[in-house]
Structures are given as structure tokens and as C-alpha cells.
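Descriptive analysis of the structure
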Amino acid sequence: MDAAEKRDRLAELAPERVKELDAEEEEDEHDLPDLPTAEEGEVRMRVAPNPNSPWHVGHARMAAVVGTYKDRYDGEFLCRFDDTDPETKRPDLDAYDAILDAIDYLGFEPDDVMLASDRVDIYYDHARELIDEGGAYTCSCPGEEFSELKNNADACPHRDKDPETVHEEFSAMVDGEYSAGEMVLRVKTDIEHKNPALRDWVAFRMVDTPHPREEAEDVRCWPMLDFQSGVDDHLTGITHIIRGIDLQDSAKRQQFVYDYFGWEYPEVVHWGHVQVDEYDVELSSSTISELVEAGELDGWDDPRAPTVASLRRRGIRGEAIVDAMVELGTSTSNVDLAMSSVYAANRDRIDDETDRAFLVRDDPAHGGGAVERSIVDGPDAGHPPVHPSHEDRGEREIPVDGGVLVESDDLPEEGDRVWLKGYGCVEHTGEAFEYTGDDIEVVKDGPVDVIHWVPDDALSTRLRTMDGDVSGYAEPGLAEYDADDLVQFERIGFARLDAFDTGTEDLLAYYAHP
RNA sequence: GCUCCAGUGGAGUAGCGGCCAAACUCACGGCCCUCUCACGGCCGAGCCCCCGGUUCGAAUCCGGGCUGGAGCACCA
């Protein structure tokens, strides 16, 4: 007996048991793994983006997964901007809102939003407390020198300074009396720790460049990620942290601080890096920024850019991204996100409600270019359905006056017929399409193909795709639609209508996916 | 060099000692449906890194290899 037979048999004997099985299957279907020691209502997580750029597709994974866990455990979700490096990872003032927009688009709402650059006094207070505990010391070793000592498991001469001196020097750091590189505050860990990455790491350093936020422009002494993030996670009651394998050592580093303070470290899940297929542009904030600045991309929402804003402009629903991200799970190995799974998830969500339309592309690489043929003896309009699965939504009306445009790859040989979808059968005479009427049987059992078409007074259209722009002609009825509406261009794919009458063309649309 | 982590079909995930010659999602091939190459239906191909060990029994545990990734920043 195979599974289906067993099931049928079970349905006869115990129908209620089948329902139970269905319910079980529903529950554990492609869910994220359980969070360790998580309790309903007691989970608090955070996303901690660096606002140095808007989000690329990879960034969306954090929000997607954290948001999904929040919903699953009825927990909370904090967005904390880790903007503590005004120089190498200089914040982009527009990125704060862009990131919050991206989270909203993905379908989540943070319970709390905070900026690390508003909290430096809190970090200073904890640094002082740590100094009191004997857990930190100011150090003026040049980086290279310290690195050498550290790699040999040797302490530097500053390690045993008395707390008063450390306090004085740290206050001088806070007051901005040093320049970059002159003084740091280190956490005293274990200089002989077998993992060199954990030995006496830097907690605060001097940065000469002012922070772009007015509120923080006078700060010169900035905490490093491991200190700032460690303190904030505890102070904000984070119970579970998800972060990349590049931060594998962070928890171990921060554990030293937690030990000094007697805090309990949150649960941590490490995951690998994501790559995304189908894009020519690397999934990297700096690369995308450079291309945008150089004008090679029109902006962060250029369809060729692997960014959240781009997917949004193409009409892909945030939930579809979340679906695909959740399917990637949280394994520690690096993963490749196939855009096709995002597309499949999106199609699931939009196919049923999206109106159909015709677009004849005028592009040698796609369809071979538009060609015009006059119609001889045909009806004065075509009437394809708005949606093939929903007759009740009615038919489109496409008036045919003089001629029609089709893609040349669809053009039949002279003497052969083709079925203009929603219009009827025509024979190609070389110069024209002669209407032959015919029964639909010639399509069902015969040699006649069904193709899309538009009348010769169609809307000039630019379709922006990941592979560049394609021009073409869309059926006139689309002029009645609104920007932001989605359509499926039959035999081409789904697209989002972006703008009308742009000055260069009647319609501007963004291609989503097949 | 030191340290840490991982290795299941084309991509991703699940399974974590017997129910597993392995399940699911996407992709792929074929067929059916169809006035779309969408949607839907059916069928198919394809996977436990290697070698030892423990065990009645290992994808699952242990050891060693190999391969890949990550950290050793006054970046996040």
C-alpha cells in the first residue's frame, strides 16, 4: 500500500484521524527551526542594521527571519541602528528611513527603534563600571605593536595601570583630548586565551571624523561593535540573537564583559552568508553604492540592483521575499538564494488577482522586434478575457482599426495562419493578415499557434528588466490603469506599472518575473 | 601560523541510531489542461564528502582525513 492508498483507507476507517494528520502537516510545514529555550510571549529579538546604506536583498533575511520568529512566539522585535562608526562605515542619513521602509514593506513593524549614536553616555557609564571592576584599561600601543604582543600571548605594559589612571585617561578620551589612534580602551580578557581573536579586544577608540547626525557630531570616543552591541542587548532585554558567522567570536568576546557585570548572555544562532543568483551586480553595499554614484545604476531601486527597493519597484510583494528567506532556514553554511523561489512565492500571491494584458516587444533579443501588418476583413475589436480563470471579471476590449503589431518571432510563414488571441484567426499574406475567422479547433487540433498582439495605436512602453530596458507597445486599455497596478503581460511575465506619460513613452513598467 | 564552524539530489531545507535505498520547496524533463511559455493536474530524473570504528543496525554516534567557510581590525 502506498501513502495515498493508506490515506484513503484511513479516511474510510477513521475520518477524524485524517483531519488530525492534516493539521499536523500544516503546523510543521517549512517552519524555521525552534529557537533554543524560547517560550511563547517571552522572546525578544533585534535587527541591528548599520545605516550606512539602504538594504540589499541579503539584509532582508534578518528582518524576514526575526519578524517571522516574533510572530511565531508572539514576541517582540527591536530595530537598533548600530551607527557607531562615523568614518569607515559612515552612516547615510537617508538610510535610516529607507531601512525602516524596507522592514515595513516586508510586512513587519518593530516594537521599538533606537539609535546607538543616541546612547553613547550609556556606553561610557558601563565602561567606567568595567574599569572599576578591573576589567578594562586604556592603552596607547600602536595597533601593529599590540597585535604582535597579542599574537605571542604577551601583555602590553599598560595592562596593569591603576584604575585611577585608567579613569583619567578614559575621561580624556570621552572629552576628545586624543586623536584617532592615540588611545583606546581595552577589555581585559585573557591574554593567553588559545584563540587569539579573544585576547584583550578594543572597546572604545577615537574617531576624528564627526558623526553625520547633528545629535552626535561632537562625539569623538566611540564604542566598538562588540562592546556597544553587548551592552545594548542586555539592557534592552534581548533573549535571542541571530547573526552571521562573521560574528562567530562576538559572543565569546562579549562573554567577558557579561561575566564582569554578572549578566546572562542571550541565546545565539549563527548563520552563513547569502548569495543571490541571477544578478550581475555583487550583493555588496559598497559595490552598489559605487555603481549608483557612477551613474551605472539609476538608483537603489534600479531593476538591475539586488536591493530590496528594486524588488519592491518591480512589484514583488514583501511577503514573497519573506517566504523565500524563511525557506533558507538558519544553517551555518553559506547559502544561495535562488530568485526563482522568490518569484514562485510571489506568483503564488499575485497570479490569481492580476489582470492580463498584451505587450508586443520591439527588441531584437526578445521576440525579434515588432512588425506591423494590416488587417483585412477582420472584426473591429478583440475581446480577450481579463483573467482566464475568472470569467466573471469580464473581457478586455481592444479596438482594431488599421493594423496590428506582433513580435516577428511569432510571425507565421507566408500562407500560414496564426491565432491572434481574443481576436481570431488570420492568414499571413506577406503584406497583411487576412481574417479567416475559423473555428478554435484549428488551434486545439490544428497547426495554428496562439499569439499576443496589439493594435497599431498601442501605448509606447518601456519595460525595465534586470537585463536592461526593453521597449514595446502595450494594449491601449492599460491607460485606464493606475501606477502601482500589477499586470501579467501574456507570454512574457508579470510587471508593475510604474508611471504613465513620462515624456518619452506612454507607459513605464517594471518587469517582475515570468 | 593560531582559533572556530560546517559538509544530505542542480539550489535550499528536513531527517539526527531502526519507520530512510531518504521527505519538502524551487529549478529541470515529459504528458494532460489551456485562445499565455501563467495557473492547475499527473509522471520522471537526481542526494546522505571519504576512510576507519562503535552497534544486531549509522545519513544519524566516535576518530582521522579531505573540502569549504569564518575570525585573529582602533569596520559593522
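Description of the domain arrangement of chain A
Domain annotation for chain A reports domain 1 (44–119 + 227–271), domain 2 (120–223), domain 3 (275–352) and domain 4 (354–514). Between domain 3 and domain 4, the C-alpha centre-to-centre distance is 29 Å. Contacts between the two partners involve 19 residues from domain 3, matched on the other side by 19 residues from domain 4. Where domain 3 abuts domain 4, roughly 1,700 Å² becomes buried across the two surfaces, and 51% of that area is made up of carbon and sulfur atoms. Contact with domain 4 buries area across many residues of domain 3, yet R313, R314 and D352 alone supply 36% of it, more than any other trio. Linking domain 3 with domain 4 are five salt bridges, by the criterion used here. Where D498 meets R313, a salt bridge forms, and the shortest distance between an N and an O atom there is 2.8 Å. Run the count over domain 3 and domain 4 and you get 14 residue pairs in polar contact (both at pLDDT 80 or more). Sorting the residues of the side of domain 3 that touches domain 4 by element identifies α11 (308–313) and α13 (339–350) as the ones contributing at least two each.

Digging into helix α10 (residues 285–293)
Every buried residue of α10 is accounted for by S285, T287, I288 and L291. The buried side chains of α10 occupy one side of the element, clustering within an arc of 165 degrees when seen end-on. Exposed residues on α10 whose side chains face more than 90 degrees from its buried face are E290 and E293. For α10, the secondary structure elements touched by its buried residues are α3 (57–73).

Comments concerning the sheet that holds strand β3 (residues 112–115)
Pairing is parallel in the open sheet, where three strands are placed in the order β1-β2-β3. Every interior strand has two partners, whereas the edge strands, β1 (44–47) and β3, have only one. Neighbour-to-neighbour, the strand axes of this sheet turn through a mean angle of 25 degrees, independent of strand direction. In the sheet, strand β2 (residues 76–81) pairs with β3 via four bridges, with the strands oriented parallel. From the neighbouring strand, L78 faces β3, where its bridge partner is D112. Of the strands in this sheet, β1 and β2 are in contact with α3, which crosses β1 at around 165 degrees. Lying over the sheet, helix α8 (residues 225–235) contacts β1 and β2, oriented at roughly 150 degrees with respect to β2.

Regarding the nonpolar core
Counting 54 residues, the largest nonpolar core has I103, L106, I242, I316, I321 and L337 as the members making the most contacts within it. Looking at this core, the element that brings in the most residues is α3, giving nine residues. Contacts of I316, omitting those with residues within four sequence positions, involve Y105, L311, I321, V342, Y343, N346, A512 and H513. The next biggest cluster of nonpolar side chains, apart from the first, holds 44 residues, and it includes F146, C156, L185 and V207.

A word on the pattern of salt bridges
Tallying each qualifying case throughout the model produces 35 salt bridges. Of the charged contacts in the structure, one is a salt bridge between R205 and D85, with a shortest N-O distance of 3.9 Å. Placement of R205 in strand β6 (residues 202–206) and of D85 in the loop between β2 and α4 (95–106) is noted, with a sequence separation of 120 residues between them. Among the salt bridges present, the one from D438 reaches R417, with a minimum N-O distance of 3.1 Å. One end of the pair, D438, is in the loop between β20 (432–437) and α14 (441–444); the other, R417, is in strand β18 (residues 417–420), and 21 residues separate them in sequence. Residue classification places D438 among the partly exposed residues on the basis of a relative accessible area of 35%. One salt-bridge network, held together by shared partners, links D298, D302, R304, R462, R464, D469 and E505.

Quick look at the sheet that holds β6
Judged by pairing direction, the sheet is antiparallel, and its four strands sit side by side in the order β4-β5-β6-β7 without closing on themselves. If you trace the sheet from one side to the other, it starts and ends with β4 (136–139) and β7 (221–223), each paired once. Sheet twist, expressed as the average angle between the axes of neighbouring strands with direction ignored, equals 20 degrees. Bridge count between β4 and strand β5 (residues 184–187): four bridges; the pairing is antiparallel. Looking at β5, one finds that Y137 is bridged to R186.

Structural notes on the pairing of β5
On any regular strand, side chains alternate: one points to one face of the sheet, the next to the other face. Here β5 shows a buried face lined by V184 and R186 and a second buried face lined by L185 and V187. In the sheet, β5 pairs with β6 via three bridges, with the strands oriented antiparallel. Following the sheet pairing, R186 is matched in β6 by V202.

Section: the packing of aromatic side chains
Counting across every chain of the model gives 13 aromatic pairs. Ring centres of F170 and F204 lie 5.3 Å apart, and the angle between their planes is 75 degrees; on these two criteria the pair is classed as edge-to-face. On the criterion of sequence distance, the pair formed by F170 in helix α7 (residues 163–174) and F204 in strand β6 is long-range, its members being 34 residues apart. Grouping residues by exposure puts F170 and F204 together as buried. Among the aromatic residues, ring-to-ring pairing joins Y124, F170, F204 and F227 into one connected group. R61 extends its terminal NZ or CZ atom over the ring of W271, reaching a point 4.0 Å from the ring centre. Directly above the ring of F146 sits R186, whose terminal nitrogen or CZ lies 3.2 Å from the centroid.

Reading guide: rules and limits
Residues numbered from 1 in each chain as written. Chains lettered and ligands numbered in written order. Predicted model: local features only at pLDDT ≥ 70, side-chain atom pairs only at ≥ 80, totals over all residues. Heavy atoms only, no water. Domains from an automatic or database assignment. Contact = heavy atoms within 4.5 Å. Buried area = accessible area lost by both parts, 1.4 Å probe. Salt bridge = Lys/Arg side-chain N within 4 Å of Asp/Glu carboxyl O. Polar contact = N/O pair within 3.5 Å; in protein donor to acceptor, adjacent residues only side chain to side chain. Helix = DSSP H or I, 4+ residues; strand = E, 2+ residues; numbered from the N terminus. Buried < 20%, exposed > 50% of the residue type's maximum accessible area, 1.4 Å probe, protein only. Arc of directions from axis to C-beta. Pairing = 2+ DSSP bridges. Axes fitted to C-alpha atoms, helices over the stretch in contact; angles between N-to-C directions. Core = buried A, V, L, I, M, F, W, Y, C linked by side-chain atoms within 4.5 Å. Phe/Tyr/Trp six-rings, centres within 6.5 Å; stacked < 30°, edge-to-face > 60°. Lys NZ or Arg CZ within 6 Å of the ring centre and 35° of its normal.

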